[in-house]
Amino acid sequence: MAADPKSPSLAELRQQLDQTDDDIVRLLARRLQSIRLIAKAKAEQGSMIRDPERERDVLTRVEGLATSLGVSGPLARKIFSDLIDYSVSRQVGSLVDADRGDVTVAYQGQPLTYNQLAAEQYVAGRGLRGRFVGLSTLTQVIEQLSSGQVDLAFVPIENTVAGSVNQIYDVLRERDLHIVGEDSFKVELCLAAVADVPLPALRRIYSHPLALDQCSAFIDGLPQVQATPFADSRDAVRTVAEAKDPTLAAIGSPEAVRAHGLTILRGAVGNQDEILMRYVALARAPVPIDERVSCKTSLIFSTRHEKGALLRCLQVLADHGLSMTKLESRPRPNRPWEYMFFIDFEGNVVEPRVATALETLRAEALYLKVLGCYPAKATPQIAQAGEIKPAAEPAVAPAAAPPAKPAARASKHYKLADRATRSADTIVRVGDLLIGGEGFVVIAGPCSVESAEMITKTAQHVRGAGAHILRGGVFKPRTGPYAFQGLGLEGLDMLVAAGKAAGMPIVTEVMSPEQVRPVADKADMLQIGARNMQNFALLNAVGKVDRPVLLKRGMSSTVEEWLAAAEYILAQGNGQVVLCERGIRTFESATRNTLDLSAVVVLRERTHLPIIVDPSHGTGRRPYVAPMAWASRACGAHGIIVEVHPDPDKALSDGDQSLDYAGFVGLMQGLGRVRA
Ligand code: PEP
Ligand code: MN
């Protein structure tokens, strides 16, 4: 049939359409220009970025207009939800990223994988220009960020089908990295092959393990098919394309599938119609966020060994009017059947109510770390469901709950350590032993680990005599540089093995911030020596790890300074501090130090933290050790730490004050007769 000469040709129609599309893009640019001006006006007025009522009105208006013009209302709603979402991101970006144009972003995978597409969406949404670095493992991504090679790591943290990505939670727990942003990304899982083959003809399906997990129901429906995990969905797609074998299929992003010229056999093969991935952007330093931006704050904490401890922590958020958006528990490393909790709540750390909530929580929890405070991203459900999620916070923040009446404080240097903050005794768990409260704990072992054999033998012996925890120095703070400095990490392995063989947790000293992480990975408790009591970098470092700390008193420190030092650790979020009186310098020379047992009674009054005594360093003389150990128990200490050596006269350090095995048995027998 000949075309009607009066009606426009297909080419002309297409040209017209192209014209219209260009107009749409130009209008989008105009819309963006208005958005910039609005952001500026909001900044001048100090009003909140999000205005849910206004957003709802816009959607209702455009949906109505679309319907009246014969355009699908839901389509208009969906498009405008996306536009609003983007506008909000840009306004947030203008407040948050104002001074950052280009960013280098590391992600795990290759171009056109979900991770890369999501990273691109995040960076573009913030109005930034990104350079993307795809790496093969998440570990490499984190390494590049930590070492400063990239500005951001963009990593998946949870998925609406497969749940949390545990590795990221472990990274957040262990590393000093901060969440500075989040985004959610709609994952489109499509099954593709080299030709349009019927599904029963397939024999293997390749994809990333997470993607295979998310499609388990679909794959289970194809009994002849074997699912094969690939490091990367892009690799899976490429392998299928190169093999040219019609019995192979891959699950990947539509973008990747198209790039390799595969045929889509089935779209949306995921277990749920819509799979959303939540991503977080990690940086080396936190980025303060303007109060007008709706924020989320993420935390990790562990609870005290008390009944109702978790409930009390959650209550703190409720009391301050903070709404929790996520609660997740993860096993605590090296603590079987103990858990850490991850929480996200709506709020900005610069708000006073959030600051007071965190302060209260720090006192209530045993360990607390703020993982980040970042703009809450409108979730894509807005676009999908055609609904507006209520604002993260109302335009006018509700009045903060009145903070608990501050108790009279003895010092301006410490409050978390103050008995006035917490009347109940803090109980610190080391291995499966509790320090504080009722029991009396005995820590024993050599001053220094000298060999695998001596530490193993000593461990067996002190354990047999009734000691609970094994001590042994591997990094030794010696007065002179020519004295034995300890066996270092090699010695630590010997201590670990000896502790394990004897069934005892171990404590050892750390002398510098760099030693904290490697030692915390292996030891049950970290000791801060007397010489380092005011090494503030070291105190901050042990404050960041989830390990109990034995804080020795500085040899010329007052009780006040000692508690202020403990406060450094508590303020970083680590509440597991045990104080140790080990003698102070006085004019008296009959003993190495003057053991200040009065400090025990003073501390029991001033702080809720457990307190133990070191009669070895406290006296410096073997015959004096046992009597002062007994006195420690009598005056109300929660335990002692004692140096024991198989042959004290040949010890490489502190032989004069070390007990031999028989001496330690005598000490333990006497201890049994003393009561506080
Ligand atoms: C030690 O415990 O071996 C030690 C060096 O202790 P202090 O820091 O109390 O001197
Ligand atoms: Mn010593």
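Residues numbered from 1 in each chain as written. Chains lettered and ligands numbered in written order. Predicted model: local features only at pLDDT ≥ 70, side-chain atom pairs only at ≥ 80, totals over all residues. Heavy atoms only, no water.

Here helix 15 (residues 488-502) contains 15 residues, and its C-alpha end-to-end distance of 21 Å stays within 8% of the 21 Å for a straight helix at 1.5 Å per residue. Residues of helix 15 that are buried make contact with helix 14 (452-464), strand 19 (469-471), strand 20 (506-509) and helix 16 (513-520). (Helix = DSSP H or I, 4+ residues; strand = E, 2+ residues; numbered from the N terminus. Expected span 1.5 Å × (residues − 1). Contact = heavy atoms within 4.5 Å.)

Here we take up the domain arrangement of the protein chain. Each assigned domain of the protein chain is listed here: domain 1 (190-266), domain 2 (290-382) and domain 3 (428-671). Distance from the C-alpha centre of domain 2 to the C-alpha centre of domain 3: 33 Å. With both sides pooled, the region where domain 2 packs onto domain 3 buries about 1,100 Å², and carbon together with sulfur makes up 39% of that total. Broken down residue by residue, the surface that domain 2 buries against domain 3 is led by R335, L366 and Y367, which jointly contribute 45%. There are two salt bridges connecting domain 2 and domain 3. Its salt-bridge partner being D546, residue R332 comes within 2.6 Å of it at the nearest N-O pair. Our count for the contact surface shared by domain 2 and domain 3 stands at eight residue pairs in polar contact (both at pLDDT 80 or more). Looking at the side of domain 2 that touches domain 3, its residues break down into five nonpolar, three polar and four charged. (Domains from an automatic or database assignment. Buried area = accessible area lost by both parts, 1.4 Å probe. Salt bridge = Lys/Arg side-chain N within 4 Å of Asp/Glu carboxyl O. Polar contact = N/O pair within 3.5 Å; in protein donor to acceptor, adjacent residues only side chain to side chain. Nonpolar A, V, L, I, M, F, W, Y, C, P; charged D, E, K, R; others polar.)

What follows deals with the coordination of the manganese ion (ligand 2). For the manganese ion (ligand 2), the full set of protein donor atoms is C447 (SG), H617 (NE2), E643 (OE) and D654 (OD), at a range of 2.0 to 2.4 Å. When the donors of the manganese ion (ligand 2) are listed by position in the chain, the intervening gaps give C-x169-H-x25-E-x10-D. One end of the pair, H617, is in helix 20 (residues 615-619); the other, E643, is in strand 25 (residues 639-643), and 26 residues separate them in sequence. For H617, a relative accessible area of 8% gives the class buried. What makes E643 buried here is its relative accessible area of 0%. (Donors = N, O, S within 2.8 Å, 3.2 Å for Na, K, Ca; no water. Buried < 20%, exposed > 50% of the residue type's maximum accessible area, 1.4 Å probe, protein only.)

What follows deals with the state of the cysteines. Evaluation of the coordinates by the stated rule reveals zero disulfides. Its sulfur unpaired, C295 is 4.1 Å from the next cysteine sulfur, which belongs to C373. On the basis of relative accessible area, C295 is assigned to the buried category, the value being 0%. (Disulfide = S-S within 2.5 Å.)

This part takes up the site of ligand 1. Taken together, 13 residues lie around ligand 1, and R471, A530, R531, K552 and R582 are the ones closest in. With respect to ligand 1, the side chain of R531 contributes an N or O atom lying 2.9 Å from an oxygen atom. Contact between ligand 1 and E643: an oxygen atom at 3.3 Å from a side-chain N or O atom of the residue. A total of 290 Å² of accessible area belongs to ligand 1 in isolation, and the protein chains cover 97% of it. Of the residues that constitute the shell around ligand 1, the class distribution is three nonpolar, three polar and seven charged. (Near = heavy atom within 4 Å. Areas by Shrake-Rupley, 256 points an atom, 1.4 Å probe, with all protein chains shown as cover.)

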